[in-house]
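Below, each chain spelled out in residue letters.
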Amino acid sequence: MTDLLIESIHLTKTYGVGETAIHALDDVNLQVQPGEFVAIMGPSGCGKSTLLNMLGALDQPTAGEVWVAGENLARLKNVDNFRANTVGFVFQLHNLLPTLTALENIEVPMQGRVGGRERQRRARHLLDLVGLGERAGHLPNQLSGGQRQRVAIARALANSPKLVLADEPTGALDSQSGAEILALLGELNRSEGATIAVVTHDPRVAQATQRVLRMQDGRIVEDHRVDDPLAEDLRMLAFSKLGDTILDPDDAPLEDMTPEEEAILRRMILRLRG
Ligand SMILES: Nc1ncnc2c1ncn2[C@@H]1O[C@H](COP(=O)(O)OP(=O)(O)O)[C@@H](O)[C@H]1O
Ligand SMILES: [Mg+2]
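As the structure is a computational prediction, the values presented were derived from the model and not from experiment.

Asks: I would appreciate a short explanation of the overall build of the chain in the present structure.
Replies: Of regular secondary structure, the chain possesses ten helices and ten strands. Here the C-alpha atoms of the chain give a radius of gyration of 20 Å, agreeing with the 19 Å that 2.2 N^0.38 yields for 274 residues. A principal-axis box enclosing the C-alpha atoms of the chain has dimensions of 65 × 50 × 35 Å. Expressed as a percentage of its 274 residues, the buried residues of the chain come to 38%. In the chain, the share of contacts with a sequence separation of at least 24, taken over all contacts with a separation of at least 6, comes to 67%.

Right, here's the structure in full:
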């Protein structure tokens, strides 16, 4: 028996065979305690989505094992039940059903599992929790991108999952809405006690989480706890494009700076000036 919420053991996923095989996950050994809030970062194509899909039993490993909430995912008796009750998913695009209201969308995962009255009560509670109590009757296209993503998060929480898996949930949002979504995930991690794994490219996510995993070529190449925000900013800078250009003496760094990097530098300088 283990108390871990997530454990992957020599987890490997290979697409194709021979010379052209792609090692999307290459011997990933990961342990996550219940209640942790983990960010997964790394360049496009490094295996972040593949890892998330394995943790949610949306896909099967080529080799190795995945355990979630004490269950070996290769031996699940009822995969649908696991997907509906143990994990909740939030994707980059919200996937809300366009003809259902915000409230009804949140009820969908509870259909057939929770009675009608209780279902509505819980959906209203979740809508309040994500700050959209006033928008219950709105259709998705009557909500902003950030609001739709809030509804998607409420929907992911419908069956009180032990694990919430979010794949670039802020990827399609402007930076203000993105920051709000991350803050919301942090609140839900604390108030609901849900373990959250969030894939993101946004360096600010590190400020909101407790632990950052960095992947490269299908492997976890860095795994550290977020402690001091200033230390975190410095670490982010070290790994950023700007960090790369700063290390390259032939480059003129400031021309290549992204808005995120600029924000980090500004925060750092303000902190350093006291
Ligand atoms: N269904 C698939 N068939 C073949 N290759 C795939 C498939 N899904 C993902 N890959 C490859 O696996 C690698 C990891 O992909 P992915 O997990 O989506 O990366 P990330 O989410 O970090 O951008 C990439 O090289 C990608 O092209
Ligand atoms: Mg991805």
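Asks: I tried to follow helix 5 (residues 145-156) on my own but got confused; where do I start?
Replies: Structurally, the α-helix is built with 3.6 residues per turn, so residues lying three or four positions apart point the same way. Relative to the 16 Å expected for twelve residues at 1.5 Å per residue, helix 5 spans 16 Å between its end C-alpha atoms, a close match to the ideal helical length. Among the residues of helix 5, those classed as buried are Gln147, Arg148, Gln149, Arg150, Val151, Ala152, Ile153, Ala154, Arg155 and Ala156. Those residues of helix 5 that are buried are in contact with strand 6 (87-90), helix 3 (102-107), helix 4 (116-129), strand 7 (163-167) and helix 6 (175-192).

Asks: Help me out: how do you make sense of the site of ligand 1 in this one?
Replies: In the neighbourhood of ligand 1, the contacting residues comprise Tyr15, Ile22, Ala24, Gly42, Ser44, Gly45, Cys46, Gly47, Lys48, Ser49 and Thr50. Only strand 2 (22-32) and helix 1 (48-55) provide two or more residues apiece to the shell around ligand 1. Take the shell around ligand 1: its biggest share by element is three residues, from helix 1. Partitioning the shell around ligand 1 into residue classes produces four nonpolar, six polar and one charged.

Asks: Looking at this structure, how should I read the domain arrangement of the chain?
Replies: Often the size quoted for an interface is simply the accessible area lost on bringing the parts together. In terms of domain boundaries, the chain breaks down into domain 1 (6-226) and domain 2 (227-274). Between domain 1 and domain 2, the C-alpha centre-to-centre distance is 28 Å. The partner domain 2 presents seven residues to the seven residues of domain 1 that form the contact. Considered class by class, the residues forming the side of domain 1 that touches domain 2 number three nonpolar, one polar and three charged.

Asks: How should the sheet that holds strand 9 (residues 211-216) be read in this particular structure?
Replies: In a beta sheet, neighbouring strands pair by backbone hydrogen bonds and run either parallel or antiparallel. Judged by pairing direction, the sheet is mixed, and its six strands sit side by side in the order 6-7-8-3-9-10 without closing on themselves. In this open sheet, the two strands that pair with only one neighbour each are strand 6 and strand 10 (219-225). On average, each strand axis in the sheet is tilted by 15° relative to the strand beside it, whichever way the strands run. Those strands touched by helix 1 are strand 3 (37-41), strand 7, strand 8 (195-199) and strand 9, and its axis lies near 155° from that of strand 8.

Asks: Would you mind showing me how to read the pairing of strand 7 here?
Replies: Consecutive residues of a regular strand have side chains that alternate between opposite faces of the sheet. Buried residues dominate strand 7, accounting for five of its five residues. In strand 7, alternate side chains face the same way, and those of Leu163, Leu165 and Asp167 on one face and Val164 and Ala166 on the other are all buried. Strand direction decides the pairing type here: strand 6 and strand 7, joined by four bridges, are parallel. What sits directly across from Gly88, in strand 7, is Val164.

Asks: What am I meant to see in helix 4 here?
Replies: Here helix 4 spans 20 Å end to end across 14 residues, near enough to the 20 Å set by a 1.5 Å rise per residue. Buried residues of helix 4: Arg119, Ala123, Leu126 and Leu127, and no others. For helix 4, the angular spread of buried residues about the axis comes to 100°, placing them on one side. In this structure, helix 4 carries Arg117, Glu118 and Arg121 as exposed residues pointing more than 90 degrees from its buried face.

Asks: Sorry, what's going on with the sheet that holds strand 4 (residues 63-68) here?
Replies: Across the sheet, which stays open at both edges, the four strands sit in the order 2-1-4-5 with antiparallel pairing between neighbours. Two strands close off the open sheet at either side, each with one partner strand: strand 2 and strand 5 (71-72). Pairing geometry for strand 1 (residues 6-15) and strand 4, over five bridges, is antiparallel. Bridging across to strand 4, Ile6 finds its partner in Val68.

Asks: I keep staring at the pairing of strand 10 and nothing clicks. Help me out?
Replies: For strand 9 and strand 10, the ladder comprises six bridges, and the chain directions are antiparallel. The partner of Gln216 across the bridge, within strand 10, is Arg219. What sits between the antiparallel neighbours strand 9 and strand 10 is a turn of two residues, in which Asp217 has the positive phi angle 50°.

About the thresholds
- Residues numbered from 1 in each chain as written.
- Chains lettered and ligands numbered in written order.
- Predicted model: local features only at pLDDT ≥ 70, side-chain atom pairs only at ≥ 80, totals over all residues.
- Helix = DSSP H or I, 4+ residues; strand = E, 2+ residues; numbered from the N terminus.
- Rg over C-alpha atoms; globule rule 2.2 N^0.38 Å.
- Buried ≥ 20, exposed ≤ 12 C-beta atoms within 10 Å, placed from the backbone.
- Contact = placed C-beta atoms within 7 Å.
- Expected span 1.5 Å × (residues − 1).
- Near = placed C-beta within 6 Å.
- Nonpolar A, V, L, I, M, F, W, Y, C, P; charged D, E, K, R; others polar.
- Domains from an automatic or database assignment.
- Pairing = 2+ DSSP bridges.
- Axes fitted to C-alpha atoms, helices over the stretch in contact; angles between N-to-C directions.
- Arc of directions from axis to C-beta.

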